[in-house]
Amino acid sequence: MSSSGIPVLAVHGGAGVRPDHDYAEACAFLGEILSRGASALGEGRPALDLVVEMVEAMEASGLYVAGKGSSPNRAGEVELDASLMSGHDRQSGAVAAVRNVVSPVRLALAVLRESPHVMLAGAGAEAFADARGLPRVTDPGAYYAPAVDATGLAGARASAGALDHGTVGAVALDVAGRLAAATSTGGTLNKLWGRVGDTPLVGAATWADDRVAVSCTGQGEYFIRAAAAHDVAARMAYAGEGLERAAAAAIHTVGDLGGNGGLIAVDRAGNVAMPFNSAGMKRGMVRAGGEPVVELY
Ligand code: ASP
């Protein structure tokens, strides 16, 4: 989508679309948060704060496979992953396989701001959340309401989680020219206990530097092996590719490996690319002062 240099915000609610599922509410919600985001962009909100606010809203909505809408793994536990990155200073925070944390992306931000580390996992990350007073889920059975029903899935779909992605993510270029990206997920459906995908891995699902910000969604194992988010940045930095071409090539590599999914990316000139090789991808974008555009296919 065309360059303008105007601050811009893009979000996704996951790649993969089931023909029998109605995504109207999930898409409408993207439009709502983008409208709010457009005002915040215009008011000069920093890119990192904005992407966290967008992702946190999607986590809380229960409409996507992240936060409240996440599905339990095969052991019956909801385990969540999230990461974020700020481009101008390459600061990053991430959490993996955390349980009963209301907003994994907020916890990732706390890791970035309040720890000497980039990633915390499992019980240690949960203790860190408690020490920071971040909200926890006290009754998981009542809180989690899976956005995608895994019970009807069988065979290969059940084991691969291939078609029902609902990870959420956001990328932004703010008025000061800073870029940021954030991604959060409940992971693939029917995942094994302890499985960690691409979402909390900087360079796989999330990347931001002073050139580009990227958030990916799809079959995480392939995005890890493709270093997909960083691949976009590397193509732009080392091969001089433009955003559209670099983003498409990164998804092409994921596809060559046998995986499906998509990504959203914004560069420092305000160009936006949102390629995917899955059946669809819930996604949208808005420029400061503009109207949101939301698409599914
Ligand atoms: N990438 C996520 C994962 O593998 C899933 C998704 O995007 O829906 O955990």
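Remember, it's a predicted structure, so these values are computed and weren't measured experimentally.

Enquirer: Could you give me a rundown of the environment of alanine 60, with the residues and numbers involved?
Expert: Following the sequence through the fold, alanine 60 ends up in helix α2 (residues 47-61). Overall, alanine 60 belongs to the partly exposed group, its relative accessible area being 45%. Spatially, the C-alpha atom of alanine 60 lies 7.6 Å from that of valine 102, the residues being 42 residues apart in sequence.

Enquirer: Got a sec to walk through unusual backbone geometry? Specific residues and values, please.
Expert: Negative phi is the rule for most residues except glycine; trans is the rule for most peptide bonds. One non-glycine residue, alanine 97, lies in positive phi territory at about 50°. Along the chain, alanine 97 falls in strand β3 (residues 91-98). For alanine 97, a relative accessible area of 14% translates into the label buried. Positive phi values are uncommon outside glycine, yet asparagine 190 reaches one of about 60°. With respect to the element layout, asparagine 190 can be found in the loop between β6 (179-185) and β7 (206-208).

Enquirer: Summarise the pairing of strand β8 (residues 212-218); cite the residues concerned and give the values.
Expert: Burial analysis of β8 places 7 of its 7 residues in the buried class, the great majority of the element. A two-sided burial pattern is seen for β8, the buried positions comprising Val212, Val214, Cys216 and Gly218 on one face and Ala213, Ser215 and Thr217 on the other. Inspection of the sheet shows β7 paired to β8 by 3 bridges, in the antiparallel sense. Bridge pairing in β8 places threonine 206 opposite serine 215.

Enquirer: Go over the packing of helix α1 (residues 24-42) against α2, please, and point to the residues and values.
Expert: Direction vectors running N to C along α1 and α2 enclose 155°, while the axes themselves pass 10 Å from each other. By the angle between their axes, α1 is roughly antiparallel relative to α2. In this structure, the crossing between α1 and α2 has a hand that is right-handed. Between α1 and α2, the residues in contact are Phe29, Leu30, Ile33, Arg36, Gly37, Ala40 and Leu41 and Leu50, Met54, Ala57, Met58 and Ser61, respectively. Its residues assigned to classes, the contact of α1 with α2 shows 9 nonpolar, 2 polar and 1 charged.

Enquirer: I'd like a rundown of the nonpolar core, residues and numbers included.
Expert: One finds Val212, Val214, Cys216, Val232, Leu263 and Val266 to be the most contacted residues of the largest nonpolar core, which totals 37 residues. Per-element accounting of this core gives the leading share, 6 residues, to helix α9 (residues 243-257). Setting aside residues up to four positions removed in sequence, valine 214 forms contacts with Val171, Ala181, Ala205, Thr206, Trp207, Ala229, Val232, Leu263, Ile264 and Ala265. Counting 32 residues, the second-largest nonpolar core is a separate cluster that includes Ala40, Leu48, Ala66 and Ala180.

Enquirer: Mind laying out the pattern of salt bridges, listing which residues take part and the relevant values?
Expert: One pass over the structure, following the stated rule, counts 12 salt bridges. Linking arginine 136 and aspartate 130 is a salt bridge whose minimum nitrogen-to-oxygen distance equals 2.9 Å. Taking the relative accessible area as the measure of exposure, arginine 136 reaches 26% and is therefore partly exposed. Looking at aspartate 130, the relative accessible area reads 44%, which means it is partly exposed. With a shortest N-O distance of 2.9 Å, arginine 195 and glutamate 221 are connected by a salt bridge. Linking arginine 195 in the loop between β6 and β7 with glutamate 221 in helix α7 (residues 220-226), this pair joins segments that are 26 residues apart in sequence. A single salt-bridge network, built from bridges that share partners, covers Glu77, Arg99 and Glu126.

Criteria and cut-off values
- Residues numbered from 1 in each chain as written.
- Predicted model: local features only at pLDDT ≥ 70, side-chain atom pairs only at ≥ 80, totals over all residues.
- Heavy atoms only, no water.
- Helix = DSSP H or I, 4+ residues; strand = E, 2+ residues; numbered from the N terminus.
- Buried < 20%, exposed > 50% of the residue type's maximum accessible area, 1.4 Å probe, protein only.
- Pairing = 2+ DSSP bridges.
- Axes fitted to C-alpha atoms, helices over the stretch in contact; angles between N-to-C directions.
- Parallel < 35°, antiparallel > 145°, perpendicular 65-115°, else oblique.
- Left-handed = near helix turned anticlockwise from the far one by under 90°.
- Contact = heavy atoms within 4.5 Å.
- Nonpolar A, V, L, I, M, F, W, Y, C, P; charged D, E, K, R; others polar.
- Core = buried A, V, L, I, M, F, W, Y, C linked by side-chain atoms within 4.5 Å.
- Salt bridge = Lys/Arg side-chain N within 4 Å of Asp/Glu carboxyl O.

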